[in-house]
Amino acid sequence: MRVLVVYAHPVETSYNAALHRQVVKSLRQAGHEVDDCDLYAEDFNPVLSRAERLGYHDVPANRAPVQGYVDRLLRAEALVLCFPTWCFGLPAMLKGWFDRVLMPGVAFDLSDPKHVKPTLTNLKHIAAVVTYGRPRWVAWTMGDPPRKIVTRYLRRLSGGRARIDYHACYHMNVATRPRLERFKAHVGTAMARLA
């Protein structure tokens, strides 16, 4: 399967970096074709410019500033996101990727605004590997936006066809080394079973 991995963390020695390496390694060992998109390493610009916003609905010209990222997404059969939760949301880098790449003519068809149609039907599987500094119950009281974005919004953009997996490590700021290693092993197993 062609898998696009989108990774968003600026520190190469972080736990998220270790999870990202595990994701890529396990997917490749399972025989998947992996397109590893490290947004920081690729110096992705997360800012939706004024010009881009003005041309947002101009399909297909709206793709031009991020055509390479659009091509990678549309080529994928599976999407795996690997990121930390900051302020109970997506890191700005990843949110910017969503803002700039998941646009009309790519993620959805707005030709009839009353009946928006999802167009990421190429995605058969969507998975996320996410860390949180706080416990699950705190994320729940905040509405857990990252979980909803992955399990609801992205699923909707796939036309409801994609299988969704959400792997979350909560309260990692006080997690023991064995607990972090167990979660990393769980992620490796999940990626090896991605189908």
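Described below are features of the structure shown in this document. Residues take numbers from 1 onward in each chain, read along the sequence in its written order. At least 70 in pLDDT is required for a residue's local features to be given in this predicted model, at least 80 for side-chain atom pairs to be given and counted, and no such filter applies to totals for whole chains, interfaces and linings, which use all residues. Side-chain measures here rest on the full set of heavy atoms in the structure, leaving out hydrogens and waters.

**With respect to the packing of helix 1 (residues 15–29) against helix 7 (residues 177–192)**
Throughout, an axis means a line fitted to C-alpha atoms (over the contacting stretch in the case of helices), and angles, computed between N-to-C directions, take values from 0 to 180 degrees. In this description a helix means any DSSP run of H or I spanning at least four residues, a strand means any run of E spanning at least two, and both kinds are numbered starting from the N terminus. Here helix 1 crosses helix 7 at 30°, and the two axes come no closer than 8 Å. Classified by the interaxial angle, the pair formed by helix 1 and helix 7 is roughly parallel. Classified by chirality, the crossing of helix 7 by helix 1 is right-handed. Contacts between helix 1 and helix 7 involve Tyr-15, Ala-18, Leu-19, Gln-22, Val-23, Ser-26 and Leu-27 from the former and Leu-180, Phe-183, Lys-184, Val-187, Gly-188, Met-191 and Ala-192 from the latter. Our angle categories are set so that under 35 degrees counts as roughly parallel, over 145 as roughly antiparallel, 65 to 115 as roughly perpendicular, and the remainder as oblique. Crossing chirality is assigned from the near helix's rotation relative to the far helix, an anticlockwise turn below a right angle marking it left-handed and a clockwise turn marking it right-handed. The contact criterion used throughout is that any non-hydrogen atoms of two residues lie within 4.5 Å.

**Quick word on the state of the cysteines**
By definition, disulfides here are pairs of cysteine sulfur atoms that lie within 2.5 Å. Under the criterion given, the structure shown has 0 disulfides. Left without a disulfide partner, Cys-82 is nearest to the cysteine sulfur of Cys-169, which lies 11 Å away. Classification of Cys-82 as buried rests on a relative accessible area of 0%. No disulfide involves Cys-87; its nearest neighbouring cysteine sulfur is the one of Cys-169, lying 18 Å away. Burial classes follow relative accessibility: with a 1.4 Å probe on protein chains only, a residue under 20% of its type's maximum area counts as buried, one over 50% as exposed, and anything between as partly exposed.

**Details of the pairing of strand 6 (residues 125–131)**
Burial of strand 6 is extensive: 7 of the 7 residues sit out of reach of the surface. Both faces of strand 6 are covered, namely the face carrying His-125, Ala-127, Val-129 and Thr-131 and the face carrying Ile-126, Ala-128 and Val-130. Pairing between strand 3 (residues 78–84) and strand 6: 7 bridges, direction parallel. Note on strand 6: the bridge partner recorded for Val-80 is Ala-127. A pair of strands is treated as paired once DSSP finds two or more bridges between them. The sheet contact formed by strand 6 and strand 7 (residues 163–169) spans 7 bridges and is parallel. Within strand 7, the position partnered with Thr-131 by the bridge is Cys-169.

**Quick notes on the sheet that holds strand 7**
Strands sit in the order 2-1-3-6-7 across an open sheet of 5 strands; the sheet is parallel. Strands at the two margins of the open sheet, each flanked by one partner only, are strand 2 (33–38) and strand 7. Pairwise comparison of adjacent strand axes, ignoring direction, gives a mean angle of 15° for this sheet. Summarising the sheet, strand 1 (residues 2–7) and strand 2 pair through 6 bridges and their orientation is parallel.

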